[in-house]
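# Fold and contact review
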Amino acid sequence: MQQYTVNKGDTLDRIAASRGLSRTHIINANPWVGEQPYLVPGQIIFLPSSPRRRYVIQPGDSPDKVAAAFRIQEASLFEMNPGLSRSYFPEGRVLVLPHAESDRIVRLEGEYGYRHLCRDIVRLSEAYPRLSSGTIGESVLGKPIPYVKIGNGKKAIHVNASIHANEWITTPCIMHFIEEYAAALKSGMRWNGYDPRQWFEQCTLWVVPMVNPDGVELVQEGVQPSNPYYGMLTAWNGGRSDYRHWKANINGVDLGDQFPAHWDEEVQRRGKKSPGPRDYAGTSPLSEPEAEALAAFTVKTSPDAAVSLHSQGQEIYWNYRNYEPKESREWSRRLGQASGYRPVKLEGSDAGYKDWFIQEFRRPGFTVEIGLGKNPLPLEDFDNIALETGLVVGELMSI
């Protein structure tokens, strides 16, 4: 049993992922941890030894078959099992398996947060020179809000994610697609039937993968008494210390209700008069730096179509007060056909990014609710919803 001191940014899932453990392993060794919504920096916990997977060599097995089945390297397999080789791999022998390896840059190591995003953008830019990045502005707490660009085509497509804090899984989903697109482009391979070279030549994809970094950090890590926002956040959260339901930015303003598209009517409909976890639209449209930066970036890049990623529901909202162009319905049908999501004509909602984009540009805009379940969506759903997210964006670039 190893003693570990919790650092800022640590969560149960992040510690477990880095040690080859599960969340349950840590809670079993530290029962009190399961009663806390968040770990506290400076807290001491005990980490059990990392359990090793084992496998009995079956008839017809070979080192390369076993390595492929468990996504490990042959060299690592031999290192864990001295005496074995390609020529000596006896049936019935019990193998100790190393942890699965991945050559992906974008991968979940517990909750995917702002520092993971910034790290991955740097790594992707180094690995794929045709990908570039920059920032659109800063959050309330001064975090630069990054964008990623890939493609040289005339048709501009905008995608944003994590407008709502507890919908942070939208960020690794779109980043996963960016990596797969860039890797397929570099290798000359097709991606799920699409030709990335055609995307690159015909489209410019602009992605703002985490609009609300302060809120995402709050949802994932909570807030400690030393934080200057602690008192206000605790009051706005009804005295609760668990922020996993929080959608707003750090000012308690819902960025999904911040855009100048019949904003006054949305304020009256919501009825929220003060900051809180969700639905408070602020003192005026674009009062929050995150929303203002996203709107300005959209105007600057003037996309031909836009997608705002949210979770959950497996639905695609494509209309807004009859401002949408006639092709929006058909495009939503194609996006739904590609992803398995249901196109929905939505009424009675205003002041969202998609609403403003359609009203401002009169071009196709979509809110895509990825995945199913309760936010934040479970990490084990990531592979499926990342693929669905990629299919939505890939189909939009192919129209």
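Above this text sits the structure in question.
Below is a short write-up of the structure. Since the model is a prediction, treat every value here as computed from it, not as a measurement.

Calculation notes
Residues numbered from 1 in each chain as written. Predicted model: local features only at pLDDT ≥ 70, side-chain atom pairs only at ≥ 80, totals over all residues. Heavy atoms only, no water. Pairing = 2+ DSSP bridges. Helix = DSSP H or I, 4+ residues; strand = E, 2+ residues; numbered from the N terminus. Axes fitted to C-alpha atoms, helices over the stretch in contact; angles between N-to-C directions. Contact = heavy atoms within 4.5 Å. Phe/Tyr/Trp six-rings, centres within 6.5 Å; stacked < 30°, edge-to-face > 60°. Buried < 20%, exposed > 50% of the residue type's maximum accessible area, 1.4 Å probe, protein only. Core = buried A, V, L, I, M, F, W, Y, C linked by side-chain atoms within 4.5 Å.

Moving on: the sheet that holds strand β12 (residues 365-370). Pairing is mixed across the open sheet formed by eight strands, whose spatial order is β5-β6-β8-β7-β9-β12-β10-β11. Strands at the two margins of the open sheet, each flanked by one partner only, are β5 (131-138) and β11 (342-344). Strand-to-strand, the axes of this sheet are offset by a mean angle of 25 degrees, without reference to chain direction. For strand β6 (residues 144-150) and strand β8 (residues 203-208), the ladder comprises three bridges, and the chain directions are antiparallel. Across the sheet, residue I150 finds its bridge partner in β8, namely L205. Helix-sheet contacts for helix α11 (residues 289-301) involve β5, β6, β7 (155-160) and β8, and the interaxial angle to β5 is about 135 degrees.

The next subject is the packing of aromatic side chains. In this description, a pair of aromatic rings is defined by centroid distance and the angle of the planes. Applying the stated criterion to the full structure yields 19 aromatic pairs. With 6.0 Å between their ring centres and 55 degrees between their planes, W191 and W199 make a pair best called tilted. Across the pair, exposure class does not vary: W191 and W199 are buried alike. Between the aromatic rings of Y320 and Y323, the centroid separation amounts to 5.7 Å while the plane-to-plane angle is 50 degrees, which identifies the pairing as tilted.

With respect to the secondary-structure elements, G256 resides in the loop between α9 (230-236) and α10 (263-270). Take G256: its relative accessible area is 15%, and that puts it in the buried class. Spatially, the C-alpha atoms of G256 and H310 are 9.8 Å apart, while their sequence positions differ by 54 residues. Apart from the residues within four sequence positions on either side, G256 is in contact with I163, H164, A351 and G352.

This brings us to the nonpolar core. V159, F177, Y181, L205, F366, V368 and M397 are the most contacted members of the largest nonpolar core, which has 65 residues in total. Broken down by element, the residue count for this core peaks at nine residues, all from helix α6 (residues 170-187). Sequence-distant contacts of V368, that is, excluding residues within four places in its chain, are made with V307, S308, L309, H310, E315, I316, Y341 and V392. Among the nonpolar cores identified, the runner-up in size contains 23 residues, and I136, A156, I163 and A306 belong to it.

Let us look at unusual backbone geometry. Of note, the amide linkage connecting S311 to Q312 takes the cis form, showing an omega dihedral of 15 degrees. Along the chain, Q312 turns up in the loop between β9 (305-311) and β10 (315-317). Along the chain, N375 connects to P376 via a cis peptide bond; the corresponding omega equals -10 degrees. By the element assignment, P376 lies in the loop between β12 and α14 (382-398). Residue R71 is not a glycine yet carries a positive backbone phi of 55 degrees. Mapping R71 onto the fold places it in the loop between α3 (63-70) and α4 (74-80). For L286, which is not glycine, the phi dihedral falls at a positive 60 degrees.

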